[in-house]
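Chain residues, written in single-letter form:
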Amino acid sequence: MNFTKMHGTGNDFIVVEGGSAEADSTNWPEVAREACSRRFGVGADGILVIRPSDDAALRMQIFNPDGSEAEMCGNGIRCVTKYAIERGIVDGSAVRNEAGLPIETLGGLMTVWPQNGSVGGAIEAVRVGMGTPILAPREIPVAVEGLGPVQGHALEIGGYALNLSFVSMGNPHAIAFIDTPVTDFPLETIGPMMENHPLFPERVNFEIVNIRSREEITMRVWERGAGLTMACGTGACAVVVAARIAGLVDDCVSVELPGGSLTIEWDGNPDSQVYMTGPATSVYTGQLLVS
């Protein structure tokens, strides 16, 4: 199986062309568990399978290192955009316009706009329309009462008293704004406890956040099904949405993650789309031996 290793702000992936789902007999959960292993496989935060789509230019399927399937991946969709245009799966000259390129995901249709590359040349960055945020607890889902945004939900976990906000960007996020540096927080210990807490019937991604200014945020993330990662695009979007609702940031925010920076735009209107802009990088190509 031919693959390309790619990353978006350090969030790294194994990208493959999978053909139509109906004709594909590959056991992708098992392939993901083996190939994503940092010691015994290629090593990655997930596998991105590119497929044809009846409703969009292509379909992106995402498998986590534990074999579970994710609804959406913001860093991953930038990598898929770069891959698809540079290899001629889609016509790059046709998507550098206002309409953009629609990509089907389990979390819905997303639109992307490649940037910083000439037609037929390398794509260096991608702007992504990430959809409107989901704020109703039942739809995220999270097991708390209410119909609107949840801010400051108190939870004691692992000896820490946290105030959580909840947002879905097609996948669920729990966000904690903290005063101490995010680098000092034991995310490797609290992360798995939060991911599997009874509050979250479909598990959850967990972000800890420092507000540096109205235009700058620093965050770390524990991703559902993947663990500690260098970046999370949907997480960065969810964090800015929660911070914007709380009045802590403005409409355009630079989010600093261990793997680099993403630019997130949201005007605070629940009916408005969130936009994310960030890099996409190809690292190397290779072959997987799949039984």
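All figures in this text were calculated on a predicted structure; none of them were measured in a lab.

## A few points about empty space enclosed by the protein
Overall, the coordinates contain 1 cavity of 30 Å³ or more when judged by the stated rule. What lines the largest cavity is a set of 18 residues, and nearest its centre among them are Asn64, Ala70, Met72, Asn171 and Glu223. At the level of secondary structure, the elements contributing two or more residues to the lining of the largest cavity comprise strand S2 (11–17) and helix H4 (233–245). Classifying every residue of the lining of the largest cavity gives 7 nonpolar, 8 polar and 3 charged.

## Description of unusual backbone geometry
Note the cis peptide between Ile140 and Pro141, where omega equals -5 degrees. Mapped onto the secondary structure, Pro141 falls in the loop between strand S8 (125–129) and strand S9 (150–157). Unlike most non-glycine residues, Thr9 shows phi in positive territory, near 50 degrees. Within the secondary structure layout, Thr9 lies in the loop between strand S1 (2–8) and S2. A relative accessible area of 3% places Thr9 in the buried class. Positive phi values are uncommon outside glycine, yet Arg203 reaches one of about 65 degrees.

## Some points on helix H3 (residues 187–195)
Since there are 3.6 residues in each turn of an α-helix, residues three or four apart along the chain are aligned in direction. The complete set of buried residues in H3 reads Leu187, Ile190, Gly191, Met194 and Glu195. Within H3, the buried residues cover an arc of 130 degrees as seen down the axis, which keeps them to one side. Where H3 is buried, its residues meet S9, strand S10 (160–168), strand S12 (205–211), strand S13 (216–223) and strand S14 (227–229).

## Section: the packing of aromatic side chains
Applying the stated criterion across every chain yields a total of 6 aromatic pairs. Measuring from ring centre to ring centre gives 5.1 Å for Tyr160 and Phe185, while their planes differ by 55 degrees; the resulting arrangement is tilted. Placement of the pair is Tyr160 in strand S10 and Phe185 in the loop between strand S11 (172–177) and H3, with a sequence separation of 25 residues. Judged by its relative accessible area of 33%, Tyr160 falls in the partly exposed class. Ring centres of Phe185 and Phe206 lie 6.3 Å apart, and the angle between their planes is 65 degrees; on these two criteria the pair is classed as edge-to-face. In this pair, Phe185 sits in the loop between S11 and H3 while Phe206 sits in strand S12, placing the two residues 21 residues apart along the sequence. Just as Phe185 is buried, Phe206 falls in that class too. Three or more aromatic residues link up through ring pairs in this structure, and these residues are Tyr160, Phe185 and Phe206. Here the guanidinium or amino end of Arg127 rests over the ring plane of Tyr275, the centre of that ring lying 4.0 Å away.

## Re the side chain of Ser165
In this structure, Ser165 sits in strand S10. Using a relative accessible area of 2% as the deciding quantity, one classes Ser165 as buried. For Ser165, the side chain forms a polar contact with the side chain of Gln151, separated by 3.0 Å. With near-sequence residues (within four places) excluded, Ser165 lies in contact with Val150, Gln151, Gly152, His173, Ala174, Ile175, Phe177 and Ala242.

## Section: the layout of surface pockets
Take a probe with the size of a water molecule and roll it over the atoms, and the empty space left behind shows itself. In this structure, the second largest pocket spans a volume of roughly 150 Å³. In this structure, the second largest pocket is lined by Gly19, Ser20, Ala21, Glu22, Arg51, Pro52, Ser53, Asp54, Asp55, Arg59 and Glu104.

Quick notes on the rules
Residues numbered from 1 in each chain as written. Predicted model: local features only at pLDDT ≥ 70, side-chain atom pairs only at ≥ 80, totals over all residues. Heavy atoms only, no water. 1 Å grid on protein atoms, 1.4 Å probe; cavity = no way out; pocket = protein on both sides within 12 Å on 5 of 7 lines; lining within 4 Å. Points joined across faces, edges and corners; volume = space filled by probe spheres on them. Helix = DSSP H or I, 4+ residues; strand = E, 2+ residues; numbered from the N terminus. Nonpolar A, V, L, I, M, F, W, Y, C, P; charged D, E, K, R; others polar. Buried < 20%, exposed > 50% of the residue type's maximum accessible area, 1.4 Å probe, protein only. Arc of directions from axis to C-beta. Contact = heavy atoms within 4.5 Å. Phe/Tyr/Trp six-rings, centres within 6.5 Å; stacked < 30°, edge-to-face > 60°. Lys NZ or Arg CZ within 6 Å of the ring centre and 35° of its normal. Polar contact = N/O pair within 3.5 Å; in protein donor to acceptor, adjacent residues only side chain to side chain.

By themselves, these observations are geometric and do not establish any function.
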